[in-house]
Amino acid sequence: LVIGEMASTLAHELNQPLGAIANYNSGCIRLLKSWSHSADGARSGADATEAASLLVLMEKCNAQALRAGEVVRRIREFVRRPPDLRPQEAQSLLAAGLAAAEAEAPEWEAQIRLELDPGLPQLAADRQMIEKVIVNLARNGLEAMRACEPAERTLRVRAVQRQRQVEFQVRDRGCGVPAEAEPLLFQPFYTTKSEGLGLGLAICRSIIEYH
């Protein structure tokens, strides 16, 4: 997958500077701890307080750098492994994929409704990949309804049979997508979110096209 290759390259390039940040930070933390525990009485109380505050900040920074490195490692593992297509139940796929998004629903005062056509056939799918698509689409829908009244924040997720295929539908009650943005939605790095990376929908499309 093109998106997978791009993500793997980004992960490789980012992993080294993140590792360096963590190593430099670890050295700073060791020095600060040595300074804080020193018996040198020449330092003032203010110096000791500043050192303690700086130590806390550096430890937090170190933890975030290590966390970012772990995220990169998981991305590399995800894009390198071959897809594993196995028979899957539509209800099980949706339920698992919505679990993470549903955990965020109380914070946004939203409801998630799951609707299934009866007698849906099993699907040949990579469970982990499809769950990532469901989570991404559900979160997008929940975020799109932030400006709605709480009573109107309902996310409907449906599975319907279309001949020999099963179609998943994720519908929110947000403001919709501007017409000028529609042709760009699935392009890598295009985003309408202030803090978005613009890779979510591109990866989703790549996964669905593979299936």
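Going by the structure above, here's the rest.
Presented here is a report on the structure given in the accompanying data block. In this text the structure is predicted, and so the values were computed from the model without any measurement.

1. Considerations on the side chain of Asp126
Working step 1: Mapping Asp126 onto the fold places it in the loop between β3 (123–125) and α4 (127–144).
Working step 2: Reaching out from Asp126, the side chain makes a polar contact with the backbone nitrogen of Gln128 at a distance of 3.2 Å.

2. Things to note about the pattern of salt bridges
Side-chain pairs of opposite charge can arise where the charged atoms are in close proximity.
Working step 1: Under the definition given, this model contains six salt bridges.
Working step 2: The salt bridge partner of Glu115 is Arg156, with a shortest N-O separation of 3.0 Å. Linking Glu115 in strand β2 (residues 111–116) with Arg156 in strand β4 (residues 154–162), this pair joins segments that are 41 residues apart in sequence.
Working step 3: You can call Glu115 partly exposed: its relative accessible area is 27%.
Working step 4: Accessibility expressed as a relative area gives 32% for Arg156, which makes it partly exposed.

3. Things to note about the pairing of strand β5 (residues 165–171)
Working step 1: In terms of strand pairing, β4 meets β5 through seven bridges, oriented antiparallel. Counted as the bridge partner of Arg158 is Gln169 from β5.
Working step 2: Taking the residues that link successive antiparallel strands as the turn, the β4-β5 hairpin has two residues, and the phi of Gln163 there is positive, at about 55°.

4. Here we look at α4
One turn of the α-helix equals 3.6 residues, which is why residues spaced by three or four share an orientation.
Working step 1: Over its 18 residues, α4 extends 26 Å from the first C-alpha to the last, a length consistent with the 26 Å expected when each residue adds 1.5 Å.
Working step 2: Taken together, the buried positions of α4 are occupied by Met129, Ile130, Val133, Ile134, Val135, Ala138, Gly141 and Leu142.
Working step 3: With a side-chain oxygen lying 3.2 Å from the backbone nitrogen of Gln128, the N-terminal cap of α4 falls on Asp126.

5. Overview of the environment of Asn136
Working step 1: If you trace the backbone, Asn136 turns up in helix α4.
Working step 2: Along the primary structure Asn136 and Ile203 are separated by 67 residues, whereas in three dimensions their C-alpha atoms are 9.7 Å apart.
Working step 3: Beyond its immediate sequence surroundings of up to four residues, Asn136 is in contact with Gly200, Leu201 and Cys204.

6. A closer look at unusual backbone geometry
Working step 1: Although it is not a glycine, Gln163 adopts a positive phi angle of roughly 55°.
Working step 2: Among the structural elements, Gln163 can be located in the loop between β4 and β5.
Working step 3: On the accessibility criterion, Gln163 (74% relative accessible area) is exposed.

7. Topic: the nonpolar core
Working step 1: With 25 residues, the main nonpolar core has Leu98, Ile130, Leu142, Leu155, Val157 and Val166 as its most contacted residues.
Working step 2: For this core, the secondary-structure elements that each account for two or more residues are α3 (90–108), β3, α4, β4 and α5 (200–210).
Working step 3: Beyond its immediate chain neighbours, meaning those up to four positions away, Val157 contacts Leu94, Leu98, Ile112, Arg113, Leu114, Glu115, Gln169 and Val170.

8. Notes on the sheet that holds β5
Working step 1: Read across the sheet, three strands follow the order β2-β4-β5 without closing on themselves; strand pairing throughout is mixed. If you trace the sheet from one side to the other, it starts and ends with β2 and β5, each paired once. Within the sheet, the average angular offset between the axes of one strand and its neighbour, ignoring direction, is 15°.
Working step 2: The strands that α4 touches are β4 and β5; relative to β5, the one it contacts most, it runs at about 25°.

9. Digging into the environment of Leu98
Working step 1: Tracing the backbone shows Leu98 in helix α3.
Working step 2: Sequence separation between Leu98 and Val133 is 35 residues, and the spatial gap between their C-alpha atoms is 10.0 Å.
Working step 3: Setting aside chain neighbours within four positions, we find Leu98 in contact with Ile112, Leu114, Ile134, Ala138 and Val157.

10. Some details on the packing of α4 against α5
Between two packed helices, what matters for the description is the angle formed by their axes and the separation of those axes.
Working step 1: Here α4 crosses α5 at 140°, and the two axes come no closer than 10 Å. Classified by the interaxial angle, the pair formed by α4 and α5 is oblique. The element α4 and its partner α5 pack so that their crossing is left-handed. Listed contacts from α5 to Met129, Ile130, Val133, Asn136, Leu137 and Asn140 of α4 are Gly200, Leu201, Cys204, Ile207 and Ile208.
Working step 2: Its residues assigned to classes, the contact of α4 with α5 comprises eight nonpolar, three polar and no charged.

11. Observations regarding the environment of Leu18
Working step 1: For Leu18, the position within the fold is in helix α1 (residues 2–36).
Working step 2: Expressed as a C-alpha distance, the spacing of Leu18 and Ala65, which sit 47 residues apart in the sequence, is 6.2 Å.
Working step 3: Filtering out sequence-adjacent residues up to four positions away, Leu18 remains in contact with Ala68, Gly69 and Val72.

Cut-off values and rules
- Every chain is numbered on its own, with residues counted from 1 as its sequence reads.
- Since the coordinates come from a predicted model, pLDDT governs what is reported: local features require at least 70, and pairs of side-chain atoms require 80 or more to be given and counted, while whole-chain, interface and lining totals use all residues.
- Heavy atoms throughout the structure, all of them, feed into the side-chain values; hydrogens and water do not.
- Numbering of helices and strands runs from the N terminus; a helix is a DSSP stretch of H or I covering at least four residues, while a strand is a stretch of E covering at least two.
- Pairs of N or O atoms are called polar contacts if they sit within 3.5 Å, as long as, within protein, a hydrogen donor faces a hydrogen acceptor (for residues adjacent in sequence, only side-chain-to-side-chain pairs).
- We count a salt bridge whenever a side-chain nitrogen from Lys or Arg sits within 4 Å of a carboxyl oxygen from Asp or Glu.
- Only protein chains enter the accessibility calculation, which uses a 1.4 Å probe; a residue is then buried when its area is under 20% of its type maximum, exposed when over 50%, and partly exposed in between.
- At least two bridges found by DSSP between two strands is the condition for calling them paired.
- The span expected for a helix works out to 1.5 Å for each residue beyond the first.
- Any pair of residues with heavy atoms lying within 4.5 Å of one another is described as a contacting pair.
- Put simply, a nonpolar core is a bunch of buried Ala, Val, Leu, Ile, Met, Phe, Trp, Tyr and Cys residues held in one set by side-chain atoms that sit within 4.5 Å of each other.
- Fitted lines through C-alpha atoms give the axes, limited to the stretch in contact for helices. The angle between two N-to-C directions lies from 0 to 180 degrees.
- These descriptions rest on fixed angle ranges, namely under 35 degrees for roughly parallel, over 145 for roughly antiparallel, 65 to 115 for roughly perpendicular, and the rest for oblique.
- It is the rotation of the near helix from the far one that decides the hand of a crossing: anticlockwise by less than a right angle makes it left-handed, clockwise makes it right-handed.
- Only Asp, Glu, Lys and Arg are considered charged in this grouping, and only Ala, Val, Leu, Ile, Met, Phe, Trp, Tyr, Cys and Pro are considered nonpolar; every other residue, Gly among them, is considered polar.

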